[in-house]
Structure formats: C-alpha cells, structure tokens
2 protein chains.
Amino acid sequence: MSTYNYKALQNFVNDVFIKMGCPDSQATEAAEVLVNADLRGVDSHGVARLHGYIRLWEEGRINATPEIKIIHETPSTATIDGDKGLGLVVAPFAMRIAMEKAEKVGTGWVSVKNSNHYGIAGHHSMMALEKDMIGWSMTNASPLVSPTFSKERLLGTNPISIAIPTEKQPPYVADFATTTVANGKLEVLKRKNESAPLGWVQDADGKGTTDVDALKKGGSMLPLGGSREHSGHKGYILGSIVDIFSAVLSGANYGPWAPPFVSFLPLKENPVGEGLGHFLGAMRIDAFRPASDFKSHMDNWIKTFRASETTDENDKVLIPGDPEREMSELRKAEGIPLLKPVVKDLSTIGEKFELDFDQYFK
Amino acid sequence: MSTYNYKALQNFVNDVFIKMGCPDSQATEAAEVLVNADLRGVDSHGVARLHGYIRLWEEGRINATPEIKIIHETPSTATIDGDKGLGLVVAPFAMRIAMEKAEKVGTGWVSVKNSNHYGIAGHHSMMALEKDMIGWSMTNASPLVSPTFSKERLLGTNPISIAIPTEKQPPYVADFATTTVANGKLEVLKRKNESAPLGWVQDADGKGTTDVDALKKGGSMLPLGGSREHSGHKGYILGSIVDIFSAVLSGANYGPWAPPFVSFLPLKENPVGEGLGHFLGAMRIDAFRPASDFKSHMDNWIKTFRASETTDENDKVLIPGDPEREMSELRKAEGIPLLKPVVKDLSTIGEKFELDFDQYFK
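Remember, it's a predicted structure, so these values are computed and weren't measured experimentally.

Visitor: Give me the lowdown on the interface of chain B and chain A, citing residues and values where you can.
Guide: Counting residues at the interface gives 88 residues for chain B, matched by 87 residues for chain A. Between chain B and chain A the total buried area reaches about 7300 Å² when both faces are included, carbon and sulfur atoms providing 66% of it. Summed over the three residues of chain B that lose the most area to chain A, namely F149(B), K234(B) and F288(B), the buried surface amounts to 10% of that side. Our count for the contact surface shared by chain B and chain A stands at 2 salt bridges. The partner of E309(A) in a salt bridge is K151(B), with the nearest N and O atoms 3.7 Å apart. Seen at the junction of chain B and chain A, the total is 46 residue pairs in polar contact (both at pLDDT 80 or more). Residues that form the side of chain B that touches chain A fall into these classes: 49 nonpolar, 27 polar and 12 charged.

Visitor: Please give an account of the relation of the copies chain B and chain A that cites residues and values.
Guide: In summary, the two copies of the chain are related to each other by a rotation about an axis coupled with a shift along it. Once turned by 180° and shifted 0.0 Å along the axis, chain B lies on chain A with an RMSD of 0.0 Å. One copy is carried onto the other by what is essentially a two-fold rotation axis. Considering only C-alpha atoms, the part of chain B nearest the rotation axis is G225(B), at 2.1 Å. When the interface residues of chain B are mapped onto chain A, 99% of them are again interface residues, pointing to one common binding face.

Visitor: Report on the domain arrangement of chain A, specifying residues and quantitative values.
Guide: All names here are of chain A. When the domains of chain A are assigned, the result is domain 1 (1–65 + 334–362), domain 2 (66–180 + 222–288) and domain 3 (190–220). The C-alpha-based centres of domain 2 and domain 3 are spaced at 26 Å. Listed by partner, the interface residues are 10 residues for domain 2 and 12 residues for domain 3. Of the roughly 860 Å² buried between domain 2 and domain 3 on both sides combined, carbon and sulfur atoms contribute 56%.

Visitor: A description of the sheet that holds strand β9 (residues 208–209) of chain B should follow, citing residues and the corresponding values.
Guide: Residues and elements named next belong to chain B. What the 3 strands build is an open sheet, ordered β9-β8-β10; its pairing is antiparallel. Of all strands in the sheet, those with a lone pairing partner are β9 and β10 (220–221), marking the two edges. With 2 bridges connecting them, strand β8 (residues 201–202) and β9 associate as antiparallel partners. The partner of V201 across the bridge, within β9, is T209.

Visitor: Mind laying out helix α8 (residues 291–306) of chain B, listing which residues take part and the relevant values?
Guide: With 16 residues, α8(B) extends 22 Å from end C-alpha to end C-alpha; this agrees with the ideal 22 Å at 1.5 Å per step. Residues of α8(B) that are buried include every one of A291(B), F294(B), K295(B), M298(B), D299(B), W301(B), I302(B), T304(B) and F305(B), and no others.

Visitor: So what about the sheet that holds strand β11 (residues 276–284) of chain B? Which residues, and what values?
Guide: Sheet strands associate in pairs through backbone hydrogen bonding, adopting either a parallel or an antiparallel arrangement. Across the sheet, 7 strands lie side by side as β2-β3-β4-β11-β5-β6-β7 (chain B); this open sheet has mixed pairing. Every other strand in the sheet has two partners, leaving β2 (69–74) and β7 (172–176) of chain B as the edge strands with one partner each. The mean angle between the axes of side-by-side strands here comes to 10°, regardless of whether they run parallel or antiparallel. This element, helix α7 (residues 232–248) of chain A, spans β5 (133–139), β6 (160–164), β7 and β11 of chain B of the sheet and lies at about 135° to β7(B).

Visitor: Help me get a handle on the side chain of Q26(B), residues and values and all.
Guide: Inspection of the secondary structure assignment puts Q26(B) in helix α2 (residues 24–39). Those residues in contact with Q26(B), other than ones at most four positions away along the chain, are A64(B), P66(B), I68(B) and V89(B).

Visitor: If you had to explain the pattern of salt bridges to someone new, which residues and values would you point to?
Guide: Residues and elements named next belong to chain A. Counted according to the given criterion, the structure contains 28 salt bridges over all chains. Here K295 makes a salt bridge to D132, at a shortest N to O gap of 3.0 Å. Taken as a pair, K295 in helix α8 (residues 291–306) and D132 in the loop between α5 (121–126) and β5 (133–139) lie far apart in primary sequence, 163 residues in all. Relative accessible area serves as the criterion here: at 25%, D132 is assigned to the partly exposed category. Taken together, the salt bridges that share partners define one network made up of R55, E59 and R61.

Visitor: For α8(A), give the residues involved together with the corresponding values.
Guide: Restricting attention to buried positions, one finds in α8(A) the residues A291(A), F294(A), K295(A), H297(A), M298(A), D299(A), W301(A), I302(A), T304(A) and F305(A). In this fold, the buried residues of α8(A) make contact with β5, β6 (160–164) and β7 (172–176) of chain A together with α7 (232–248) of chain B.

The rules behind the values
- Residues numbered from 1 in each chain as written.
- Chains lettered and ligands numbered in written order.
- Predicted model: local features only at pLDDT ≥ 70, side-chain atom pairs only at ≥ 80, totals over all residues.
- Heavy atoms only, no water.
- Contact = heavy atoms within 4.5 Å.
- Buried area = accessible area lost by both parts, 1.4 Å probe.
- Salt bridge = Lys/Arg side-chain N within 4 Å of Asp/Glu carboxyl O.
- Polar contact = N/O pair within 3.5 Å; in protein donor to acceptor, adjacent residues only side chain to side chain.
- Nonpolar A, V, L, I, M, F, W, Y, C, P; charged D, E, K, R; others polar.
- Least-squares fit on C-alpha atoms with pLDDT ≥ 70 in both.
- Domains from an automatic or database assignment.
- Pairing = 2+ DSSP bridges.
- Helix = DSSP H or I, 4+ residues; strand = E, 2+ residues; numbered from the N terminus.
- Expected span 1.5 Å × (residues − 1).
- Buried < 20%, exposed > 50% of the residue type's maximum accessible area, 1.4 Å probe, protein only.
- Axes fitted to C-alpha atoms, helices over the stretch in contact; angles between N-to-C directions.

As structure tokens, this is what we get:
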C-alpha cells in the first residue's frame, strides 16, 4: 500500500471541488475536512468517499454554490438552511455561528437542515477547542440501523462528538457512532474476507448474523449495546436523540427519511423535511468556571484515568481522542496509506475533471 | 407484597424530611422526587433509599437547611453551589434556573457542585416539558464502574435523561444509566437468588463474572457495550462525559473522588472538589422552529417508530418513556408495591423520628 502526502491529497480534493463549481474558500474547507478523516484514521470517511459526494452532486442533491443562511435564531440558538451545500462546509459554517453565540451569551446551539454528509463529526467539535470552548457535533445518516426489537432500518449510525479543552494534556475528543460498530469496520472485515462478530448486524428477518454483506441484503446494524439483555435499547435511545436534535429540531428528514449517502439505498419518497440534519454546539468553559481551573482539573482527570491499573498489563486505559491524534501525527509525517481501489477511484475522478492525480504527488 | 398509596407515602417521606429539619417547601419537593422514582418503576431510586439520605445527613454530608446559590453565570449558563442540600431539591432548583435562562435567551445550562444523590434523572428533565422545552439531566454517582481495560472503579452509573415535548403523543423521555445495567437490576437478581449475565460486572481482578455480589467484593460494573469487541469503550466515553459535565465543569468531585451514596464504599480522602455534581439543561423548542411544527413532527417520529415491524411478533418497538409512564399510571391507581424489608426499613425510620408509618395508610 503506497502512502500519499496529506497536503498534496488535500490539493487534489480541493481542485476537484473547484471543478464541481465550489467557491474557492468552500473547496478549501471541504478538502480539509475530508482529508482530516484520513489523517485521523477514519479511512471510511475520507477521500474514499469523494466519489459519493460527486455522485450526489451529479444527481442534483448537492449544490456547489449554496447560500447557507440562518432562518431562525435567539441569542443562544440558530437554525440553519444549508441550501444543499456540501455538509463538509455547512457544518463548519454552523459551528462558527454556535461559537459566535457562545462568545456573547455563554453557549451557542445550532440545528441544521438541508445538508448532507458532513465528514467526521470530530472535525467540527474540535473547532471549539482553540477558543477554550467545549464543542458538540452530531448528525443523522443513511438509515441502516434497527431500533431494538425491530427489523426495519429507521436510524443511521448517528455519531456524537464532544471535544473538551485541557491545559497541558492533549484535548479530550470523543467521536463515536451510536451503533455497536461504525459501517467502516464492516468494510474493513469484508476486505480481509472475515466475518463479523455476533451483535454487530442482523439479517433482513432480524436474526443475528456474521455476514459482513448483510446491509446490502436488507439487513441492518444494531444499536450500541447489541441485544436487549445487554441494553441495546440504550444505543437506540442515543441514535434517536441524535436524529431528533439533528433533524426534527431543524426541519430536516428524520428516521427512515434521512437521505442516504450510500448508493445501495434509494432516496425515500414523500420527504418529511429538507435534506440531512446536523446539530452543533459550543460552550465557553469560562461561562461555568475560570478556564484555567477547569483545564487543570481536566488534566488531572485525564492523568488519573490514563494511570488506571488494567486487567491485562499489555492494555492501557485510553483517553478519547488518543488513538486518532497519534494516527494523525504519524500520517502527517509519513503520508496517508491508500488502498489500490481507492487510488484507482481517485484517478478516475481526476480524469473526469481533467486533473492528473499522480501529478499532485511529484 | 402489599401496595401503598403514593400520596400517603409522599406524606410520610415529607414528614421525615421535616423532622430532619428541612424547610417545608424543600421537604415537599424532595418527597415528590423520591416517590416519583417508585411511581415510575425505578424502585432502586425511591423510598428504598430514604435511609441512605438519612445516613448522609447523620454523617454531616447532607445539610437540611442549605443556602443554594448561583456562584457564576452568563445569560445562558450558571454554576450552582448546592451547599450540601439534598440533591432531590438542589437539582430542581438548578433546573428552574436553566428554564428561566432558556425563557430569555433560548437555552439554559446549569452545572452543579456540592450536591449529593438527586433521585431519578428523569424527574428533573421532565420539568421542562410543560414549558415546551427539551430538558436535560445528568449526574455523576458512586464510583463503581471501570473504564474499558481497567479494573479500577473510576466512574458511576452516570445517567443521562433527555425529555422532549410532543403534540398528542406522550412525551419522549429517555432516562438511562451509561452502564450495561443500572445497579438496581443487580439488586433485583440478588433478591431472586439468580446470577447476572456475563457482560454486566467484573470481579476485582477485572475478569467477567456472573456474581451479583461482585461490587461488594471489589468488583465493578461495565460501561454500556460491555466488551471492547462490542464497543464497551463507548459506554466509558458516555459515562466520562457525564462525569466531566457534572463535576469538572462545576467544581464537584469527579471520577474516583465522587462521594459515594452506597454505604459499602468509603468517602475518598483529599477531595478534588465539593460534593457530587449534576448538569441540567433546558432548550426552548421555539428557539429552533415554531413549537407546533416541532411537536407535530415528533408525533410523526413516534408513530413511525412505534409502528415498526418487529422480529418477533410478540415484541413491540418501545418509545423511551413508555414503560415508565405506563407504570406510573398503574401505580397511581393501584398503589406502590413495597417489599417487606423496605416496609420494615421505613417503619424503623418512622420510629427514629416518632412517626407511625402504618398510620399514614389508614
């Protein structure tokens, strides 16, 4: 597997978005968000998905020149119409509004409609860190998850990210799908020709299965927790809260109406809202206590947990964000490894837009 | 098992709190919160715990006449010092502040320190419903939970409740511990002389066990998700977020320093903050879109999920809050069933305060 310089990769993605007609600043930001997924090791949400955004643009579901605007607001809240813009730029726009509101009244909360896939949740929540704010980011997603007891696909993997500032320790960055596993893990197993552990997916009849292709055969993913005995209903609750905050609050499509990003699901008729929804938030930590007090206690919290005695001496207690940050440092230095099919896919995209993919890395 | 009229039970609890020296209005509210747990079927958090509050009061850890006050605020936030008051009254006080702030600027967020056990999380979040607000409620709790890979007890069952208004459907009320199961479920199994499924608890060496007494032998509860393969680390993330919002943000004790409510854990020395912490929030739904639009879509959301096809025709997809509401209606009508040891415990408490428990039900 060859590795690719992340800045060169970002330049290529930027130029693709420019060719799609995106304004310069939006293309730059979208490329940065997308490649940040590859840097952080969330390969399923990075450049491997570029063709998906292009497909939605070709289908008229993504608008390259959106007029993103606030349609409703109070001092601490706003609702934003993404005008079908790339979720990769709509979400940072919304996050900046949340941060401006937090600057003025302590916290800011923004619900977004008429958007689409926004990349990794953690990119947006982390925008708050440099302002000494806690950042929140959630989105609904392609309906592939069944609520507990159901065999219908009514929810997405609906991730939640919360980023929390620290003093000397690296920041605490939670970023997780509300399912047992993210879709990307199934794709990884498939490439390795392995089966999935029970508790990850069920087949179209609602029976547990180890088939990594179950989703393409009408099956569904299970909410975090898995079976009822192990409280899978709590994962269903988490996913539904993300759905409601992202889509019912904003006026986007919720539940089974969430417009799918994956190509094997059709767009549902009779939408109940506009596009996909997100929910972003920013909380100034000094709206609760002096920032330096909070941050030094966060450092102590992290050190306490990191030093915790483990069951197996080869394991260590991880702090949310540790693995992604380490991966990001590594890949910034050594390049991003891309699978051959992904490279081929990017070359084909390049040809479509008269861009020579290989040229970017010379 | 005999049943007890909930209003009479509330009167008894009220009189106990009066005897402890609580002001009338605080005694009334505390009794209402405590008995609401019994009404909603969360028996482990109801009158069965009354003796626990009395023990903390006797130890000087609960102040019957607190001066609860705001110590820091912005238009959308506040930090509250509970002055060691009963969590049962400190939390509703904080929730009212959150709602007042939401009334003015759209949302209100309150972090609380120097408190203690606040009853069921859902009582406080539900206070927001009548104002057409979404209510949030979280608290940290007795350290009995190990983060993924650890055998140390660094977190509590740290529940999250979110209550969301609806139009004609009953409200959506999520209220769940961020562990595989709440402590109370272990107590229920113990009473039945049954063992726990694997994935609920581990022993003092960090090995999975079915022993329902594991916690009293140095063992710990597992975060939602259970094993690493089934994403137990996400439960650890959820529990840690509750801990940070409730305690690091407010200046309460976090992690292993959270002051325990259970009598078998000692109070840790060298506290890092004051008392236990909570986090309450209120969001006006018309701060995002007209309330009637939101509520009618919530009704549609609920109807869609409720009507979902199930794997087993004897099951149905539950909406968060359904079981507790049904239980509450039943128990309001037919009385609250109390186990003999609980009745005996209440009678003993009555004797201590010169109150005749039986007299309340004649």
